[in-house]
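Here is how the chains run, residue by residue.
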Amino acid sequence: MLCQRCKKNQATVDYKEIIGDKVFEYHLCPACYQEMFGGLNATNADILTDLLSPRVRKTEKRCPVCGTSYSEYQRTGLLGCPSCYDAFKTELMPAIEHLQGHTEHVGKANTNADKSGYHRKLSQLQEQLEEAIRNKEFMKANDIYEQINAINAELNPGDAAGEGGEDV
């Protein structure tokens, strides 16, 4: 096949570019490719593969949702959408494990989460307190308020009773 640009030399480089939902495909000789795209280098493995075996098409792994290819991720370091994590799971997991030491999400340390679940319990008690007050169940509200104060005292042992607490 002749080069699409100069129409003189043999096309040995097959270059495919996807912009949005449009696909641009070029069949070029090395000289035209270098003029158009700045030449070949060792970091562009896809082009070197095409040069060495131009008739064998390498199918590239892509995210089925956003269309991001794994080579795009390798080049930019950015994934296109949350589904990319599933699409490239086998490639990403070793790197994630190497960087973070594990592959299970455990959240951020010291951000509204503690071993005893006090913050979650406080949120639940606050909702119960508001509902008890709305329903005019003041004895129940008082019991809930005492539970909230007890948890706050345990979380903030230096505070005196009544200081820094929540007002009802």
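Shown above is the structure to which this text applies.
Residues numbered from 1 in each chain as written. Predicted model: local features only at pLDDT ≥ 70, side-chain atom pairs only at ≥ 80, totals over all residues. Heavy atoms only, no water.

1. So, the overall build of the protein
Part 1: Assigned secondary structure in the protein consists of seven helices and two strands.
Part 2: Reading the protein from its N end, one meets helices and strands in the order β-β-α-α-α-α-α-α-α.
Part 3: Out of the 168 residues in the protein, the part that is buried amounts to 20%.
Part 4: For the protein, the share of sequence-separated contacts (at least 6 apart) that also reach a separation of at least 24 residues comes to 31%.
Part 5: Total accessible area computed for the protein in this model is approximately 12,600 Å², and 51% of it derives from carbon and sulfur atoms. (Helix = DSSP H or I, 4+ residues; strand = E, 2+ residues; numbered from the N terminus. Buried < 20%, exposed > 50% of the residue type's maximum accessible area, 1.4 Å probe, protein only. Contact = heavy atoms within 4.5 Å. Areas by Shrake-Rupley, 256 points an atom, 1.4 Å probe, with all protein chains shown as cover.)

2. A short note on the packing of aromatic side chains
Part 1: Taken as a whole and assessed by the stated rule, the structure comprises two aromatic pairs.
Part 2: Geometrically, the ring pair formed by Tyr70 and Tyr73 is tilted, given 5.6 Å between the ring centres and 40° between the ring planes. Taken as a pair, Tyr70 and Tyr73 lie in helix H3 (residues 70–76) at a separation of three residues, close to a single helical turn.
Part 3: Through a chain of ring-to-ring contacts, three or more aromatic side chains come together here, namely Tyr70, Tyr73 and Phe88. (Phe/Tyr/Trp six-rings, centres within 6.5 Å; stacked < 30°, edge-to-face > 60°.)

3. A closer look at the nonpolar core
Part 1: Listed in full, the nine residues of the largest apolar core are Tyr118, Leu122, Leu125, Leu129, Ala132, Ala141, Ile144, Ile148 and Ile151.
Part 2: Secondary-structure elements contributing two or more residues to this core are helix H6 (118–134) and helix H7 (138–155).
Part 3: With five residues, H6 is the largest single contributor of residues to this core.
Part 4: Contact partners of Ala141, with chain neighbours within four places excluded, come to Leu129, Ala132 and Ile133. (Core = buried A, V, L, I, M, F, W, Y, C linked by side-chain atoms within 4.5 Å.)

4. Overview of the pattern of salt bridges
Part 1: Scanning the model with the defined rule gives two salt bridges in all.
Part 2: Taking the shortest distance from any N to any O, the salt bridge between Lys61 and Glu91 comes out at 3.1 Å. Taken together, the residues span a long stretch of sequence, with Lys61 in the loop between helix H2 (45–52) and H3 and Glu91 in helix H5 (residues 89–100) at a distance of 30 residues.
Part 3: You can call Lys61 partly exposed: its relative accessible area is 35%. (Salt bridge = Lys/Arg side-chain N within 4 Å of Asp/Glu carboxyl O.)

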